[in-house]
Amino acid sequence: MNYRHAFHAGGFADVIKHIVLVRILVYLQEKQAAFRVIDTHAGAGVYDLTGEEASRGGEWLTGIARIMQARFSETTMPLMKPYLDIVRAFNPQPPLKTYPGSPLIARALLRPQDRLTACEVEPKARKHLIDALRRDTQARVVDLDGWTALPAFVPPKERRGLVLIDPPYEQKDEFERLASGFAEAFAKWPTGSYLLWYPVKSRRATDDLARHVAQAAAGGTPPGSALRLEFSVAPRTEAGLTSAGLLIVNPPWTLAGELKAILPELEKPLGQGGAGRFRLETPKP
């Protein structure tokens, strides 16, 4: 498996992940107190949709390209607007050519008192990210392995915020590392919010991950809550990515209701060969 951001920029998995990311950060903006965003596997920050890597799979054509053309209900449009506005800001003139990654989406939602820590060890991606955030006093790019950074950077001095964990899944033990890395970080910062992304290739692996994360959250002091979201655009295959998931620990109390409004309206535009489908549930420890 290899889910490096550049190959999947703007695909359905990015769309789902970034909609949730934006909804969490919009919620954090409601209180005046500062917050921190920690992105453990940040990637290059900005992606050229006409470039070789994004063009190889062309996932953005059935992802963000469709969403930018979709029509949403009066209930869902205000929830989608902050995310769509960020993408439009990177594409002032049609056609769609650029897609922002998680650190640039997060940066767009920082207020003057908020901060971003973005970790990236791959030299080419890190250079692009540094260029994208150059001279930005609110964002710091760190040359540090995300698994090392995860327990090292929590709790942040702001005491409020979000940790995004979105590794490339190049190693066979990545699910185990995600579960143990989250548990270690959560033990140090049980009041933070966490957003964990994963590809759905094995039902056993994803169920085990959800259970371990829910167990770690429930054992916190104070105990944390968890939400599990999976979105499928087509039946699972060995070839491409057709289903991806998110585990959200300590989600905003508004998030489940917002997703119940948003997700049904994404099934048709994101579906491939038919409507997509989603599951939204509270994982059991």
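Coordinates for the structure precede this section.
Residues numbered from 1 in each chain as written. Predicted model: local features only at pLDDT ≥ 70, side-chain atom pairs only at ≥ 80, totals over all residues. Heavy atoms only, no water.

J.: In this structure, what is going on with unusual backbone geometry? I would like to understand it.
T.: Glycine aside, a negative phi is what most residues show, and trans is what most peptide bonds show. That bond from Pro94 to Pro95 is cis: its omega, 5°, falls within 30 degrees of zero. In this fold, Pro95 is placed in the loop between helix 5 (77-89) and strand 3 (98-100). Thr221 connects to Pro222 through a cis peptide bond whose omega is 5°. Looking at where Pro222 falls in the secondary structure, it is placed in the loop between helix 10 (203-218) and strand 8 (226-232). Phi is positive for Tyr169, close to 55°, though the residue is something other than glycine. Within the secondary structure layout, Tyr169 lies in the loop between strand 6 (161-165) and helix 9 (174-188). (Helix = DSSP H or I, 4+ residues; strand = E, 2+ residues; numbered from the N terminus.)

J.: Help me out: how do you make sense of the nonpolar core in this one?
T.: Nonpolar side chains tend to gather and get buried jointly when the protein is soluble and globular. Counting residues in hydrophobic clusters, the biggest one holds 90 residues, and the most contacted among them are Ile64, Tyr83 and Leu266. The dominant element in this core, judged by the number of residues it contributes, is helix 2 (residues 12-28), at 12 residues. Sequence-distant contacts of Leu266, defined by excluding residues within four places in its chain, comprise Ile16, Ile19, Ile67, Phe72, Met80, Phe231 and Gly271. (Core = buried A, V, L, I, M, F, W, Y, C linked by side-chain atoms within 4.5 Å. Buried < 20%, exposed > 50% of the residue type's maximum accessible area, 1.4 Å probe, protein only. Contact = heavy atoms within 4.5 Å.)

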